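Here is how the chains run, residue by residue.
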Amino acid sequence: MDASAITTYQMLIDGQWVDSCASEWIDVENPAKKTVFARVPRARAADVNLAVAAAGRAFKGWKNTSAADRGRMLHKIADSLEQNKEKLARLISLENGNALRTQSRGEAELTANIMRYIAGLARELKGKSTYLSAENLDYTRREPYGVVGAVVPWNAPLLLACLKIGPAIMTGNTIVLKASEEAPLAVLEFGRICNEHLPPGVVNVLSGTGLECGAPLVEHPDVPKVSFTGSTAVGRSILAAASNRIAAVTLELGGKSAQIVFPDVDLDYTTDGVMTAMRFSRQGQSCTAGSRLFVHESIADKFLDMLTTKLKKMRVGDPLDEANDAGSVVNAKQFERVSAYIREAIECRPSSLILGGLPPATGPLSEGYFFEPTVFLNLPPEARMTHEEVFGPVLSVTTWRTEEDVVARANDSNYGLAAFIWSRAGAPALRMAHAIEAGWVMVNQGGGQQIGHSYGGIKHSGLGREFSLEGMIESYTEVKQISVNLGDHGFPRL
Ligand code: NAD
């Protein structure tokens, strides 16, 4: 390993760029090449304490800034995100393997747009007044919690960090955000942009592992609000820890989303849409990936023929190469995990693998953590892949005959994040959209999250909503009721 090729990053506490208290580091690997190219501080509880204390001091002033000032500062952050979007997109591709053309550029662009949207919400923190009598004034205020502790994953690091930082600070909170140890660089760079336009301590960004840095942050007694995006297993432990000290929690967790294809669809349009919904060009590393596909039995052969023909044409390879549609998965751990799911499914008899399979062991794709798009048909229900989140480019397909049966099978999941219905007929599609248990149901579209949507999961996929004005207010403010007696209390009126 050539040490000179490794860039050293610092983390952001109280407006300063610092190493960790213990001067320890975490290597950041380029998953497309399996080489270390950067290192970041390895924060632990001592660093968390410093960051939370800084955010607590900053809160005293920040909570009283005017709406206009907050809006102005967030607009400047949005400007800077826009100016730096290519640099940010390349960093994301380097650290998490997402293809630059199809994924990271879009993520950087959307992040700037979301910050712009949030900047425009400055004057939307509205309370309500209740009429009781001429002698009473009863009204509510939306007040910030204080210090928000936020933890994000690696699959869309910049976007997900923005969905925490923007709404938290717009509503008057300060924040300590822990980046994922797998993809901390774009988030640290985002911290630099925020810090250029905000008072010190309003936004603090730490790099560290989940147990050493994430856990002390979400368990910190001076953090009244925790906002987490990541796996359901970790989300569950965070919810349990928060319950001890009655902290407020927002959770955006995993998914195993269903796609249901009716017999009347246009095959060309819908096969394209199904590929998008499965997030094949993000290696399936999306919480909303439609990884359980139900195709009506009357069109299954034709549909799967067209789908697999198109998937074979997808170009997988170096994420920075503009010609490639998909890059690599994020790290060795994820590579082994996805391989294990595929290996187990291949061993099921009769064989149900219809495309792809285990990762290439030779050739250029073996130099990184690459998979080719993989499809299984009619796996037995005991195969883990049929109900567990794989987070890889692996689609599990079955056929259906009646609406009642397919709705029951689609809802037979602990998860409830997203779902996709494909049909030309409006009424059946909407009937099904209403019957499906998910926080976000798309009809005839494979994606297209819009700013202003109320986004979030039900069942084991999460608690609370993000992406919208309502999500911001509900997630990051508490309601205070003020009751005033306007009577003269025995004093003569003037
Ligand atoms: P993960 O749960 O392993 O880690 C997420 C973050 O939590 C990381 O920063 C990690 O360091 C931290 N962490 C781990 N253990 C912790 C602990 N005990 N206490 C505090 N923090 C801890 O998830 P991941 O592998 O980084 O990301 C993939 C998962 O995220 C998938 O399940 C995916 O569905 C989910 N996800 C959900 C959404 C959504 O909006 N619902 C969006 C993106 C990803």
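Residues numbered from 1 in each chain as written. Predicted model: local features only at pLDDT ≥ 70, side-chain atom pairs only at ≥ 80, totals over all residues. Heavy atoms only, no water.

1. Side note on the packing of aromatic side chains
Put simply, the test is: Two aromatic rings from Phe, Tyr or Trp, using only the six-membered ring of Trp, form a pair when their centres are within 6.5 Å; if the ring planes differ by under 30 degrees the pair is stacked, by over 60 it is edge-to-face, and anything between is tilted. Numbering of helices and strands runs from the N terminus, with a helix taken as a DSSP run of H or I at least four residues long and a strand as a DSSP run of E at least two residues long. Type-normalised accessible area, obtained with a 1.4 Å probe on protein chains alone, sets the label of each residue: buried when under 20%, exposed when over 50%, and partly exposed for intermediate values. Charges are assigned to positions over rings by a cutoff of 6 Å between ring centre and Lys NZ or Arg CZ, combined with an angular limit of 35 degrees from the ring normal.
Counting across every chain of the model gives seven aromatic pairs. Relative to Tyr455, the ring of Trp440 has its centre 6.1 Å away and its plane inclined at 85°; by these criteria the two rings are edge-to-face. Pair noted here: Trp440 is in strand β20 (residues 440-443) and Tyr455 is in the loop between β20 and β21 (458-459), with a separation of 15 residues, a long-range link. Of the two residues, Trp440 and Tyr455, neither departs from the other in class, the shared state being buried. Judged by centre distance (6.0 Å) and plane angle (70°), the ring pair of Tyr455 and Phe467 falls under edge-to-face. Highlighted residues: Tyr455 in the loop between β20 and β21 and Phe467 in the loop between β22 (462-463) and α14 (469-476), separated in sequence by twelve residues. Judged by relative accessible area, which is 8%, Phe467 ranks as buried. An aromatic cluster is present here, built from Phe335, Tyr369 and Phe371 joined pairwise through their rings. A cation over an aromatic ring shows up here: Lys225 above the ring of Tyr476, its NZ or CZ 5.6 Å from the ring centre. Between the NZ or CZ atom of Arg384 and the centre of the ring of Tyr341, over which it lies, the distance is 4.2 Å.

2. Quick look at the environment of Thr288
Put simply, the rule is: When checking whether two residues touch, look at their non-hydrogen atoms; a contact exists if any pair is within 4.5 Å. In the analysis that follows, any N or O atom pair within 3.5 Å is treated as a polar contact, provided that within protein one partner can donate a hydrogen and the other can accept it, and provided that, for residues neighboring in sequence, both atoms belong to side chains.
The residue Thr288 is located in the loop between α9 (267-277) and β14 (292-296) in this model. The exposure class of Thr288 is buried, given its relative accessible area of 5%. Each C-alpha atom, one on Thr288 and one on Trp440, is 9.0 Å from the other, the two residues being 152 residues apart in sequence. If near-sequence neighbours (up to four positions away) are discounted, Thr288 is found in contact with Ser257, Ala277, Arg279, Leu417, Ala418, Phe420, Trp440 and Tyr455. Polar side-chain contacts of Thr288 include one of 3.1 Å to the side chain of Ser286.

3. Examining helix α10 (residues 300-312)
The test is simple: To estimate how far a helix should extend, the number of its residues minus one is multiplied by 1.5 Å. Taking the helix axis as origin, the arc is that swept by the directions to the C-beta atoms.
Taking 1.5 Å of rise per residue, the 13 residues of α10 would be expected to cover 18 Å, and the 18 Å separating its terminal C-alpha atoms lies within 8% of that figure. Turning to α10, its buried residues are Ala300, Phe303, Leu304, Leu307, Thr308, Lys310 and Leu311. Angular distribution of buried residues about the axis of α10 spans 160°; they occupy a single face of the element. Exposed side of α10, more than 90 degrees from the buried face: Asp301, Lys302, Asp305 and Lys312 are the residues found there.

4. Describing the side chain of Thr477
With respect to the element layout, Thr477 can be found in strand β23 (residues 477-485). Polar side-chain contacts of Thr477 include one of 3.2 Å to the side chain of Arg142. Side-chain polar atoms of Thr477 contact the backbone oxygen of Ile473, separated by 2.5 Å.

5. A closer look at the site of the ligand
Note the cut-off: Nearness of a residue to a molecule or strand requires only that one of the residue's heavy atoms be within 4 Å of it. We get accessible surface area from the Shrake-Rupley algorithm with a probe of 1.4 Å; when it comes to residues, only the shown protein chains can shield them.
Inspection of the region around the ligand gives 28 residues, with Val152, Glu181, Ser231, Leu253 and Glu389 positioned closest. Measuring from an oxygen atom of the ligand, one finds a side-chain N or O atom of Ser231 at 2.6 Å. A distance of 2.6 Å separates an oxygen atom of the ligand from a polar side-chain atom of Glu389. Within the complex, 88% of the 850 Å² of free accessible area of the ligand lies under protein. Every element with two or more residues in the shell around the ligand is listed here: α7 (210-218), β11 (225-229) and α8 (232-244). Per element, the largest residue contribution to the shell around the ligand is four residues, and it comes from α7.

6. Brief notes about the nonpolar core
This is how it is decided: Nonpolar core, defined: a set of buried Ala, Val, Leu, Ile, Met, Phe, Trp, Tyr and Cys residues in which side-chain atoms within 4.5 Å join the residues together.
Among the nonpolar cores identified, the biggest contains 118 residues, and Phe190 and Phe303 are the most heavily contacted of them. Among the elements that make up this core, the one with the highest residue count is helix α5 (residues 157-170) (ten residues). If near-sequence neighbours (up to four positions away) are discounted, Phe190 is found in contact with Ile77, Leu81, Met115, Leu158, Ala161, Cys162 and Ile165. Counting residues in each nonpolar core, the second largest holds 15 residues, with Tyr341, Cys348, Met385 and Val394 among its members.

7. Regarding the sheet that holds β23
Neighbouring strands of a sheet are bound in pairs by backbone hydrogen bonds; such pairs are parallel or else antiparallel. Rules: Pairing between two strands requires that DSSP report at least two bridges joining them. Axes here refer to lines fitted to C-alpha atoms; in helices the fit is confined to the stretch in contact. Angles between the N-to-C directions go from 0 to 180 degrees.
Within the open sheet, the three strands sit side by side as β6-β7-β23. Their pairing is antiparallel. In the strand order of this sheet, the two ends are held by β6 (129-130) and β23, each with one partner. Pairing analysis gives two bridges linking β6 to strand β7 (residues 136-144), with the strands arranged antiparallel. Paired with Thr130 across the bridge in β7 is Asp138. Lying on the sheet, α14 is in contact with β7 and β23; it crosses β23 at an angle near 75°.

8. As for helix α3 (residues 85-96)
An ideal rise of 1.5 Å per residue puts 16 Å on twelve residues; α3 measures up with 16 Å between its terminal C-alpha atoms. For α3, every residue scored as buried is listed here: Leu88, Ala89, Leu91, Ile92, Ser93, Glu95 and Asn96. Against β4 (25-30), β5 (35-41), α2 (67-83), α4 (100-119), α5 and α6 (185-197) lie the buried residues of α3. Two residues or fewer past α3, Gly97 is found with a positive phi of approximately 85°.

9. A few points about the packing of α3 against α4
For clarity, the cut-off: Note on angle classes: values under 35 degrees are labelled roughly parallel, values over 145 roughly antiparallel, values of 65 to 115 roughly perpendicular, and the remainder oblique. Take the far helix as the reference: if the near one is turned anticlockwise from it by less than a right angle, the crossing is left-handed, and if turned clockwise, right-handed. Gly is placed with the polar residues, together with every amino acid not listed as nonpolar (Ala, Val, Leu, Ile, Met, Phe, Trp, Tyr, Cys and Pro) or charged (Asp, Glu, Lys and Arg).
With their axes 8 Å apart at the nearest point, α3 and α4 run at an angle of 130° to one another. With respect to each other, α3 and α4 are oriented oblique. Where α3 crosses over α4, the two elements pack in a sense that is right-handed. Contact residues: Lys85, Glu86, Leu88, Ala89, Arg90, Ile92 and Ser93 in α3; Leu100, Ser104, Arg105, Glu107, Ala108 and Glu109 in α4. Among the residues making up the contact of α3 with α4, the classes are represented as five nonpolar, two polar and six charged.

10. Overview of the side chain of Thr232
For Thr232, the position within the fold is in helix α8. Polar side-chain contacts of Thr232 include one of 3.3 Å to the backbone nitrogen of Gly254.

11. Side note on the pairing of β4
Where burial is concerned, the two faces of β4 differ: the one with Ile26, Val28 and Asn30 is buried and the one with Trp25, Asp27 and Glu29 is not. Two strands pair when backbone bridges link them, and β4 and β5 are joined in this way by six bridges, in the antiparallel orientation. Of the residues in β5, the one forming a bridge with Asp27 is Arg39. Hairpin connection, β4 to β5: the antiparallel pair is bridged by four residues, and Lys34 has positive phi, about 60°.

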